[in-house]
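# Architecture at a glance
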Amino acid sequence: MALVVGRGFLVQPCSSSFICKNIYKPLSGVTNTFWPTRPGTTRCLTRTVVRAQLRPTWLPGLDPPPYLDGSLPGDFGFDPLGLGEDPESLKWYVQAELVHSRFAMLGVAGILLTDLLRVTGISNIPVWYEAGAVKFKFANTGTLFIVQLILMGFVETKRYMDFVSPGSQAEGPFFGIEAAFEGLEPGYPGGPLLNPLGLAKDITKSRDWKLKEIKNGRLAMVAMLGIFVQASVTHVGPIDNLVEHLSNPWHKTIVQTLANSGS
């Protein structure tokens, strides 16, 4: 069984390589560091081969599939279902993960902020999972749905067209705002609106920023899953759960909460 030592080496015992010598007499010019044996006896030693691991994987010691060569930001060889074997499908899955990550990061930030405002009494807003049922006075639900459908449909269509033909959506007039986005590459529009700090002016040299974004996005997706489960079990917001836990840390934990919900 292959074992990982630290992060950079893979230690793999080679059981087929045995060295059997009489180590009672040291070799010429070599200091014998082994314990001596009786004359005429032999001792078998196993040889351990240490080879460098090219990159870290999601499961230590696991060889990643050949189509995940580490060139993608955040590629740790995780594809148990083999969804990325087709190169074209892999490109689309990369874009899909980016979009889901960004929505998850916005969702987590929005839920925590609005829940904090509600719990502290600063604003009288509903808990996040009931916000969709709120009636707005300035427009009815049907109108808002149609407007959102049109706007989101337009944006997603433009995104897909840019994925099919990179850079094509920066050409042609659209109220003269194309320059505000400055498409860098599919999935990274940039510009003063989406990259106001100019952190990734040269997208080809921004691998570290891409890696940080996808890591934070994956963490946010896991957090959203946790928030969904928490709301289903406790029927309150995450800040409410945090306040309850801090009021009695030793008895108000996830273990007690799950135990009480099942009883």
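Residues numbered from 1 in each chain as written. Predicted model: local features only at pLDDT ≥ 70, side-chain atom pairs only at ≥ 80, totals over all residues. Heavy atoms only, no water.

## Concerning the overall build of the protein
- Counting its regular elements, the protein contains 6 helices and 3 strands.
- Ordered by position in the sequence, the α and β elements of the protein form the string β-β-β-α-α-α-α-α-α.
- When each of the 263 residues of the protein is scored for burial, the buried share is 20%.
- Within the structure as shown, the protein displays about 19200 Å² of accessible surface, and the carbon and sulfur contribution to it stands at 66%. (Helix = DSSP H or I, 4+ residues; strand = E, 2+ residues; numbered from the N terminus. Buried < 20%, exposed > 50% of the residue type's maximum accessible area, 1.4 Å probe, protein only. Areas by Shrake-Rupley, 256 points an atom, 1.4 Å probe, with all protein chains shown as cover.)

## Considerations on the nonpolar core
- Counting residues in each nonpolar core, the largest one holds 6 residues, listed as Ala 104, Val 108, Ile 111, Ala 220, Met 224 and Ile 227.
- When contributions to this core are tallied by element, the ones reaching two or more residues are α1 (87–119) and α4 (207–234).
- Here Ala 104 is in contact with Gly 217, Ala 220, Met 221 and Met 224, once residues within four sequence places are set aside.
- Counting 5 residues, the second-largest nonpolar core is a separate cluster that includes Leu 98, Tyr 188, Ala 200 and Ile 214. (Core = buried A, V, L, I, M, F, W, Y, C linked by side-chain atoms within 4.5 Å. Contact = heavy atoms within 4.5 Å.)

## A short note on the side chain of Asp 115
- Tracing the backbone shows Asp 115 in helix α1.
- In terms of polar contacts, Asp 115 uses its side chain to reach the backbone amide nitrogen of Ile 239, at 2.9 Å.
- Each residue touching Asp 115, except ones within four places of it in the same chain, is listed here: Val 127, Gly 237, Pro 238, Ile 239 and Asp 240. (Polar contact = N/O pair within 3.5 Å; in protein donor to acceptor, adjacent residues only side chain to side chain.)

## With respect to the packing of aromatic side chains
- Counting across every chain of the model gives 6 aromatic pairs.
- With centroids separated by 5.8 Å and ring planes inclined at 80 degrees, the aromatic side chains of Trp 92 and Tyr 160 adopt a geometry described as edge-to-face. Of this pair, Trp 92 sits in helix α1 while Tyr 160 sits in helix α2 (residues 141–164), and the two are 68 residues apart along the sequence.
- By way of ring pairs, the aromatic residues Trp 92, Tyr 160 and Phe 163 are connected into one cluster.
- Between Lys 210 and the ring centre of Tyr 188, over which it is positioned, the NZ or CZ distance is 4.9 Å. (Phe/Tyr/Trp six-rings, centres within 6.5 Å; stacked < 30°, edge-to-face > 60°. Lys NZ or Arg CZ within 6 Å of the ring centre and 35° of its normal.)

## Things to note about the UniProt feature "binding site: chlorophyll a 5" (unreviewed entry) in the protein
- The UniProt feature table records "binding site: chlorophyll a 5" (unreviewed entry) at Asn 216.
- With respect to the helices and strands, Asn 216 occurs in helix α4.
- Judged by its relative accessible area of 43%, Asn 216 is partly exposed.
- Here Lys 212 takes part through its backbone oxygen, which lies 2.6 Å from a polar atom of the side chain of Asn 216. (UniProt positions renumbered as here; feature names shortened; annotations may be inferred.)

## Describing the UniProt feature "binding site: chlorophyll a 1" (unreviewed entry) in the protein
- Here, the residues flagged by UniProt with the feature "binding site: chlorophyll a 1" (unreviewed entry) are Glu 97, His 100, Arg 102, Lys 212, Glu 213, Arg 218, Gln 230 and His 245. Those annotated residues from the list above that line the second largest pocket are Glu 97, His 100 and Arg 218.
- With respect to the element layout, Arg 102 can be found in helix α1.
- Look at Arg 102 and you get partly exposed, because its relative accessible area is 26%.
- For Arg 102, the contacting residues outside a window of four places in its chain are Gly 187, Tyr 188 and Glu 213.
- By the secondary structure assignment, Glu 213 is in helix α4. (1 Å grid on protein atoms, 1.4 Å probe; cavity = no way out; pocket = protein on both sides within 12 Å on 5 of 7 lines; lining within 4 Å.)

## Describing the layout of surface pockets
- In this structure, the second largest pocket occupies an estimated 980 Å³ of space.
- Listing elements by their share of the lining of the second largest pocket, those giving two or more residues are α1 and α4.
- Examining the composition of the lining of the second largest pocket, we find that 11 residues originate from one element, α1, more than from any other.
- Tallied by class, the residues present in the lining of the second largest pocket amount to 19 nonpolar, 5 polar and 8 charged. (Points joined across faces, edges and corners; volume = space filled by probe spheres on them. Nonpolar A, V, L, I, M, F, W, Y, C, P; charged D, E, K, R; others polar.)

## Topic: a nonpolar patch on the surface
- A grouping of Leu 81, Leu 83, Trp 92, Tyr 93, Tyr 160, Met 161 and Val 164 is seen on the molecular surface, where their side chains present a nonpolar patch of about 730 Å² in accessible area.
- Those elements giving two or more residues to the nonpolar patch turn out to be α1 and α2.
- The leading source of residues in the nonpolar patch is α2, at 3 residues.
- Structurally, Leu 81 can be placed in the loop between β3 (43–52) and α1. (Patch = residues over 30% accessible without salt bridge, like charges linked within 9 Å, V, L, I, M, F, W, Y side chains within 5 Å. Salt bridge = Lys/Arg side-chain N within 4 Å of Asp/Glu carboxyl O.)

## Some points on the pattern of salt bridges
- For the structure shown, the criterion picks out 7 salt bridges.
- Arg 118 is paired through a salt bridge with Asp 240; the nearest N and O atoms lie 2.6 Å apart. Of this pair, Arg 118 sits in helix α1 while Asp 240 sits in helix α5 (residues 238–247), placing them 122 residues apart in sequence.
- When its relative accessible area of 23% is taken as the criterion, Asp 240 is described as partly exposed.
- Connected via shared salt-bridge partners are Asp 115, Arg 118 and Asp 240.

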